[in-house]
Amino acid sequence: MSGKPRLTYINGRGRMEPVRWLLAAAGVEFEENFVETKEQLEKLIKDGDLLFQQVPMVEIDGMKMVQTRAILNYIAGKYNLYGKDLKERALIDMYVEGLADLNELISSNFFQPADKKEEHLATVMDKAATRYFPVYEKVLKGHGQDFLVGNKLSRADVQLLEIILLVEESKPDILAKFPLLQSFKAKTSNIPNIKKFLQPGSQRKQPIQEKDIPRLMQIFH
Amino acid sequence: MRYLFSASYFPGIQKLSSMSGKPRLTYINGRGRMEPVRWLLAAAGVEFEENFVETKEQLEKLIKGGDLLFQQVPMVEIDGMKMVQTRAILSYIAGKYNLYGKDLKERALIDMYVEGITDLMQMVMMFPFTPAEAKAKNLASIEEKATKRYFPVFEKILKQHGQDFLVGNRLSWADVQLLEAILAVEEKVPAVLSGFPQLQAFKTKMSNVPTIKKFLQPGSARKPPPDENYVALVMSIFNLS
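Residues numbered from 1 in each chain as written. Chains lettered and ligands numbered in written order. Predicted model: local features only at pLDDT ≥ 70, side-chain atom pairs only at ≥ 80, totals over all residues. Heavy atoms only, no water.

**Here we look at the overall build of chain B**
Step number 1: Along chain B, the regular secondary structure elements total 9 helices and 4 strands.
Step number 2: Relative to the compact-globule value of 18 Å for 241 residues, chain B shows a C-alpha radius of gyration of 19 Å, a close match.
Step number 3: Burial analysis of chain B (241 residues in total) assigns 46% to the buried set.
Step number 4: Partitioning the intrachain contacts of chain B with sequence separation of at least 6 by distance along the chain shows that 65% fall at a separation of at least 24.
Step number 5: Accessible area for chain B stands at about 12,000 Å²; split by element, carbon and sulfur atoms hold 54% of it.
Step number 6: Taken as two groups, the 31 positive and 26 negative side-chain charges of chain B have centres that lie 2 Å from each other. (Helix = DSSP H or I, 4+ residues; strand = E, 2+ residues; numbered from the N terminus. Rg over C-alpha atoms; globule rule 2.2 N^0.38 Å. Buried < 20%, exposed > 50% of the residue type's maximum accessible area, 1.4 Å probe, protein only. Contact = heavy atoms within 4.5 Å. Areas by Shrake-Rupley, 256 points an atom, 1.4 Å probe, with all protein chains shown as cover. Lys, Arg positive; Asp, Glu negative; His and termini not counted. Charge placed at Lys NZ, Arg CZ, Asp CG, Glu CD.)

Structure representation (structure tokens):
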């Protein structure tokens, strides 16, 4: 009834975390409806609330939106974080999709067999350092501006910060060779809405703990 | 005089991209991740050129030449940009050619539908690469998801508004992608639309949209279903084991 967007997902990062970041960066307060049991998920499905029977789901502006990218596109468009025209949007989309690929690689480590996890993580960190981060370092170097596109905060910047912090959780020195990304990280972290989101007590979620895994697996069967 | 300007005559000079102004698609000669782009351009009535990657060396040269932002294909040269990332490419084309709805809310619907369809198509796209012993199970999974999770959604949408197109009573990216998905799944599961009368009518109407009808005819840029040769080609170029 508050008119705020309402996010339905598990109480964890997963596929909803970029949505939390983007709403926070846009200065939009939101509510969360945590899925805690399989039965709760099944009820949502039965009630027809989930278009493709999946979460994330975000209630926003009278819609029950699903599919993370659709949700992010809508929020970015609504809150002017999607560039000023089609060409800026094209750049933002390319940058965001690259980051999404890196995010998937990192998330996929979770599903690796125990004896392969370490090797897989090393490969992912290598990709971050050789395929992805150099691109953004070069973009920033190329125009010398604080933001990736159009000299203005966009969803690409929000997502880049999110991914930098995520990668640093596994490899704290990942930005050693990327001076512009280091200053990007510092500047972007100090944007008031983002700074607030980075503080304890915000809706930002912590990495999934080993102890939570059985409970979460049970929800999604 | 033409030969004087070919890349082979001047080694080291890259072939001038799309002198014609048409979009130029760089990918292997097969469906893969580029097929939705071919569909969308075709539906929009936009002619395009194709630059087929045939060897690993060719891919490595593209990477070395700095043409591929994340060292990957698909890559599409369009309006002075070297675009990568399929979704970015498709969004741009949809936006440019008015296949993305009239406002943010229509775009939201189109995005949701397209993303759902993409999840289904991902299963179809990966299918040729499934090991032989897992193929039957995989195919059953595609059929189940198509008939229980995805097609019912679009059947219901079409039934509810009674219009020919999914969003805004007008052809959009979502319609093109849904038709592509229906045909792709039908190749594997021929009777898959048997419980979906609205989708059957949709398929017929969409197939008759002139630009799409042309694309569905032999000799178009549409690529054939993947076979073992395609799988072998992909494995060799992308260095998969």
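Past the structure itself, the notes keep going.
**Observations concerning the UniProt feature "domain: GST C-terminal" (unreviewed entry) in chain A**
Step number 1: As annotated in UniProt, the feature "domain: GST C-terminal" (unreviewed entry) corresponds to residues 85–208 of chain A in the numbering used here.
Step number 2: Helix makes up 67% of residues 85–208 of chain A and strand 0%, with an end-to-end C-alpha separation of 38 Å. (UniProt positions renumbered as here; feature names shortened; annotations may be inferred.)

**Observations concerning the UniProt feature "domain: GST N-terminal" (unreviewed entry) in chain B**
Step number 1: Cross-referencing UniProt, the feature "domain: GST N-terminal" (unreviewed entry) maps to residues 21–101 of chain B in the present numbering.
Step number 2: Along residues 21–101 of chain B the backbone is 36% helical and 20% strand, and the end-to-end C-alpha distance reaches 26 Å.

**Some points on the UniProt feature "domain: GST C-terminal" (unreviewed entry) in chain B**
Step number 1: UniProt tags residues 103–227 of chain B as "domain: GST C-terminal" (unreviewed entry).
Step number 2: For residues 103–227 of chain B, the helix share is 66%, the strand share is 0%, and the end-to-end C-alpha distance is 41 Å.

**Some remarks on the packing of helix H5 (residues 117–143) of chain A against helix H6 (residues 155–170) of chain A**
Residues and elements named next belong to chain A.
Step number 1: H6 packs onto H5 with a crossing angle of 145 degrees between their chain directions and a minimal axis gap of 11 Å. Our pair here, H5 against H6, has a crossing hand that is left-handed. Residues Leu121, Met125, Ala128, Phe133 and Tyr136 of H5 form the contact with H6, whose participating residues are Leu160, Ile163, Ile164, Val167 and Ser170.
Step number 2: Residues that form the contact of H5 with H6 fall into these classes: 9 nonpolar, 1 polar and no charged. (Axes fitted to C-alpha atoms, helices over the stretch in contact; angles between N-to-C directions. Left-handed = near helix turned anticlockwise from the far one by under 90°. Nonpolar A, V, L, I, M, F, W, Y, C, P; charged D, E, K, R; others polar.)

**Focus: the pairing of strand E1 (residues 6–9) of chain A**
All names here are of chain A.
Step number 1: In terms of strand pairing, E1 meets strand E2 (residues 31–34) through 4 bridges, oriented parallel. Paired with Tyr9 across the strands is Phe34, a residue of E2.
Step number 2: For the handedness criterion, the β-α-β arrangement of E1, helix H1 (residues 17–25) and E2 is classed as right-handed.
Step number 3: Bridging between E1 and strand E3 (residues 57–60) involves 3 bridges; their strand directions are antiparallel. Its bridge partner being in E3, Arg6 is matched across the sheet by Glu59. (Pairing = 2+ DSSP bridges. Right-handed = clockwise from strand over helix to strand, strands pointing away.)

**Let's talk about helix H5 (residues 135–161) of chain B**
All names here are of chain B.
Step number 1: Here H5 is 27 residues long and its end C-alpha atoms lie 38 Å apart, about the 39 Å a rise of 1.5 Å per residue gives.
Step number 2: Where H5 bends most, the angle comes to about 45 degrees, and this point is Phe151, followed within four residues by the proline Pro152.
Step number 3: Contacts made by the buried residues of H5 are with helix H4 (104–126), helix H6 (173–188) and helix H7 (197–207).
Step number 4: Gly162 occupies a position one or two residues after H5 and carries a positive phi of about 65 degrees. (Expected span 1.5 Å × (residues − 1). Bend = angle between axes of the 7 residues up to and from the residue.)

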